[in-house]
Amino acid sequence: MGLLDLTAVELAGQIKSGKTTAVEAMEAVIANIDSKEGELNCYVTFDREAALSAAKEAQKKIEAGELTGPLAGVPIAIKDNMCTEGVLTTCSSKILGNFIPQFSSEAVKRIEEAGAVVIGKTNMDEFAMGSTTETSAYGPTKNPWNTEHVPGGSSGGSAAAVAANECFCALGSDTGGSIRQPASYCGVVGMKPTYGTVSRYGLIVYGSSLDQIGPLCKDVTDCATIMEVIASHDKKDSTSVERKDTDFTSALVDDVAGMRIGIPRDYFGEGLDPQVKEAVLSAAEVLKSKGAIVEEFDLSLVEYAIPTYYTIAAAEASSNLERFDGVKYGFRAKDYDGLHSMYKKTRSEGFGPEVKRRIMLGSFVLSSGYYDAYYLKALRVKAMIKKAFDEAFAKYDVILGPVSPTTAPKLGSSLADPIKMYLGDIYTISVNLAGLPGISVPCGKDDNGLPIGVQLIGDCFNEKKLIQTAYAYEQARGKFE
């Protein structure tokens, strides 16, 4: 096994024992980026000198006994919507093409305090609006399993970087499946925590009531380890929750005997690729063979999830993106006549088509005469979806289903049809609407060799049950390759 094939936890162990160093790990990553990045386009910002310098500094602290965290010396990638002090942070948008923050997001600070070394900022759909990483102003990222296909989105750069060994682990953000779906498409593990578990301070916001930061990793152990590092109560984030049960690595137990797992019939109807269905149900059979109690049930309201999500998310986006106007920071159009002309030209030139589409939709549903008909109605349906999950979790410990209806589509096929792209989120967005935790774990491949992920959903603050179930499945499945 080569150095790049190690998981983050395995690498940290080898660095601590002196078998390798943080500098050697970073040099291996940089060499791999040099060989693959021209084709994959996983990174927006990558400063090799800064990365190597940070690795050298980390190694000194490790040798001095100052850095003892579980990720000490591990090279990690950060999605480009998390502020990083002194490092370009663009949200893959022209409008933030020159934005260098004066502070780091709380999640990034905690990762660095644990000893991880930031490599650079990963490509994403512009302002996290998209499901393919094709709406980026810096060009699309490609799937390492087959470069004719997308890596998913919006955290496609992070997922592809992990899959291609261009980092050992990465941080992404999930508004409607933006960690879990690219994790599924790229054959890695991705987790969206319960809303409020990870501080959103320093995360450039898309949908305030939906966004959550989470890890993308090679295995469930790495996922639990990173979750333990980034989960924290933060007074700077009004949505942050104080929790006492964030010892997530304690849930790495290979035992699902007696675990009650529900499979929603609604998730296995029309539109689901037969190969995806077979792989996901096979994963359920594996858990059943290990002693879990698996049964089907009706979840209901699935068909309302997409219109509800896109109404709420677009409304929040139109409000949140008002701040990008060319006045205080970011891109400003050159030729304009007066303040209103500057606003109009800056936003017209700075935002891409998908972002404009969602701003317009959000402004429409919030406008006088339509607010009650669309936005308030969507909020009521959101509450109904949460209630449906509450009823399900009264019976089941974990809900199991697909992550996406298909494997990764070809580049260009989804972007040509936005509605088709939106429908690809049908199994993931309810988790965000209800504030629940969810995890994607690789469970098979289709006939073209593209990965398929199984999604496990838990009740609020029950990440440990998800981690235990995912870990038990992973142990039975063996190495995914």
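Only a predicted model underlies this, so the values are computations on that prediction, with no experimental measurement involved. Sequence order as written defines residue numbering, which begins from 1 separately in each chain. Given that this is a predicted model, residues contribute local features only at a pLDDT of at least 70 and side-chain atom pairs are listed and counted only at 80 or more, while totals for whole chains, interfaces and linings are drawn from all residues. Hydrogens and waters are ignored; side-chain quantities use all the structure's heavy atoms.

## Thoughts on the overall build of the protein
This is how it is decided: Secondary structure elements are defined from DSSP: runs of H or I of at least 4 residues count as helices, runs of E of at least 2 residues count as strands, and each element is numbered from the N terminus. Two things to know: the radius of gyration comes from C-alpha atoms, and the globule rule equals 2.2 Å times the number of residues to the power 0.38. Exposure is judged per residue with a 1.4 Å probe applied to protein chains only, and the accessible area is read against the type maximum: over 50% gives exposed, under 20% gives buried, and values in between give partly exposed. When checking whether two residues touch, look at their non-hydrogen atoms; a contact exists if any pair is within 4.5 Å. Using a 1.4 Å probe, accessible areas were evaluated by the Shrake-Rupley method; residue-level cover was limited to the displayed protein chains. Charged residues are defined narrowly, with Lys and Arg counted positive, Asp and Glu counted negative, and His plus the chain ends left uncounted. To locate a charge, take NZ of a lysine, CZ of an arginine, CG of an aspartate or CD of a glutamate.
Across its full length, the protein carries 15 helices and 11 strands. Against the 2.2 N^0.38 benchmark of 23 Å for 481 residues, the protein shows a C-alpha radius of gyration of 21 Å, consistent with a compact globule. C-alpha extents for the protein along the principal axes are approximately 65 × 55 × 45 Å. Counting every position in the protein, which comprises 481 residues, the buried fraction comes to 59%. Counting only contacts in the protein whose residues sit at least 6 apart along the sequence, the fraction spanning at least 24 positions is 76%. Roughly 18,200 Å² of accessible area belongs to the protein as shown, and the carbon and sulfur atoms make up 50% of that amount. Of the side-chain charges in the protein, 49 are positive and 62 negative, and the distance between the mean point of each set is 4 Å.

## Section: unusual backbone geometry
Note that the residue after G153, namely S154, is joined by a cis bond; omega there is 10°. With a phi angle near 60°, N165 is a residue other than glycine that sits in the positive phi range. For N165, a relative accessible area of 15% translates into the label buried. A positive phi angle, near 65°, is found at L301, a position not held by glycine. Exposure remark for L301: the relative accessible area of 15% places this residue in the buried category.

## Side note on the layout of surface pockets
Note the threshold: Buriedness of a pocket was judged along seven lines, with at least five required to meet protein on both sides within 12 Å; pockets are open sets of points on a 1 Å grid over the protein atoms alone, cavities are sets where a 1.4 Å probe fits but cannot get out, and lining residues have an atom within 4 Å of a point. Grid points are joined across faces, edges and corners, and a volume is the space filled by probe spheres set on the points. Under the grouping applied here, Gly and all other residues not named as nonpolar or charged are polar, the nonpolar ones being Ala, Val, Leu, Ile, Met, Phe, Trp, Tyr, Cys and Pro and the charged ones Asp, Glu, Lys and Arg.
Each pocket or cavity is described by its volume, and for the largest pocket that value is around 630 Å³. Residue lining of the largest pocket: 25 residues in total, with D5, K218, K479, F480 and E481 positioned closest to the centre. Taken together, the elements giving at least two residues each to the lining of the largest pocket come down to α5 (156-163) and α15 (463-477). At 4 residues, the largest contribution of residues to the lining of the largest pocket is made by α15. Split into classes, the residues belonging to the lining of the largest pocket amount to 11 nonpolar, 6 polar and 8 charged. Contributing to the lining of the second largest pocket are 26 residues, with A50, A54, E112, V117 and V118 lying nearest its centre. Of all the secondary-structure elements, those providing two or more residues to the lining of the second largest pocket are β1 (43-46), α3 (48-63), α4 (106-113) and β3 (117-122). Take the lining of the second largest pocket: its biggest share by element is 6 residues, from α3. Here the residues of the lining of the second largest pocket are counted per class, giving 13 nonpolar, 6 polar and 7 charged.

## Let's talk about the environment of K235
The residue K235 is located in the loop between α7 (220-230) and β7 (260-264) in this model. On the basis of relative accessible area, K235 is assigned to the exposed category, the value being 80%. Along the primary structure K235 and V74 are separated by 161 residues, whereas in three dimensions their C-alpha atoms are 28 Å apart.

## Some remarks on the side chain of E37
Looking at the secondary structure, you find E37 in helix α2 (residues 22-40). Residues within four places of E37 in sequence aside, it is in contact with C42, Y43 and E166.

## Looking at the packing of aromatic side chains
Under the convention used in this document: Note on aromatic contacts: the rings of Phe and Tyr and the six-membered ring of Trp form a pair at centre separations within 6.5 Å, being stacked when their planes are under 30 degrees apart, edge-to-face when over 60 apart, and tilted otherwise. Any Lys NZ or Arg CZ that is within 6 Å of a ring centre and within 35 degrees of that ring's normal is treated as a charge sitting over the ring.
In this structure the tally under the stated criterion is 16 aromatic pairs. Ring plane angle 70° and centroid distance 5.8 Å describe the contact between F127 and F351, whose orientation is recorded as edge-to-face. Here F351 lies in the loop between α10 (339-350) and α11 (353-365) and F127 lies in the loop between β3 and α5, a separation of 224 residues in the sequence. In this structure F351 comes out as buried when scored by relative accessible area, which is 4%. In textbook terms, an aromatic cluster arises when at least three aromatic residues are bridged by ring pairs, as seen for F99, F127, F324, Y329 and F351. Sitting over the ring of F480, K445 keeps its end group 5.6 Å from the ring centre.

## Quick look at the pairing of strand β2 (residues 75-79)
We apply this condition: For the handedness criterion, the strands are oriented away from the viewer, and a crossover whose path from the first strand over the helix to the second runs clockwise is classed as right-handed. Whether two strands pair depends on DSSP finding at least two bridges between them.
With 5 of 5 residues buried, β2 is to be regarded as a mostly interior element. By the alternation rule, side chains of β2 split into P75, A77 and K79 and I76 and I78, which are all buried. Note on the crossover from β2 through α4 to β3: the handedness is right-handed. The pairing of β2 with strand β4 (residues 169-174) spans 3 bridges and is parallel. By the bridge assignment for β4, I76 is matched with C169.

## Some words on the packing of α7 against α15
Using the following cut-off: Axis definition: a line fitted to C-alpha atoms, limited for helices to the stretch in contact. Angles are taken between N-to-C directions and run from 0 to 180 degrees. These descriptions rest on fixed angle ranges, namely under 35 degrees for roughly parallel, over 145 for roughly antiparallel, 65 to 115 for roughly perpendicular, and the rest for oblique.
Relative to each other, α7 and α15 sit at 155°, their axes nearing to 9 Å. Taken as axis vectors, α7 and α15 run roughly antiparallel relative to one another. Every residue of α15 that contacts α7 at V220, T221 and A224 is listed here: I467, A470, Y471 and E474. A class-by-class count of the residues in the contact of α7 with α15 yields 5 nonpolar, 1 polar and 1 charged.

## Considering empty space enclosed by the protein
Within the structure shown, the criterion is met by 4 cavities of 30 Å³ or more. In this structure, the largest cavity encloses a volume near 70 Å³. Lining the largest cavity are A128, G130, S131, G153, G176, G177, S178, Y206, Y309, Y310, R358 and D425. Broken down by class, the residue content of the lining of the largest cavity amounts to 4 nonpolar, 6 polar and 2 charged. The wall of the second largest cavity is formed by N81, C91, F127, A128, S173, T175, L203, I204, V205, Y206 and D211. Residues belonging to the lining of the second largest cavity are distributed by class as follows: 7 nonpolar, 3 polar and 1 charged.

## Focus on the environment of V302
Note that V302 resides in helix α9 (residues 302-320). With 128 residues separating them along the chain, V302 and S430 place their C-alpha atoms 7.8 Å apart. Apart from the residues within four sequence positions on either side, V302 is in contact with D266, Y267 and I426.

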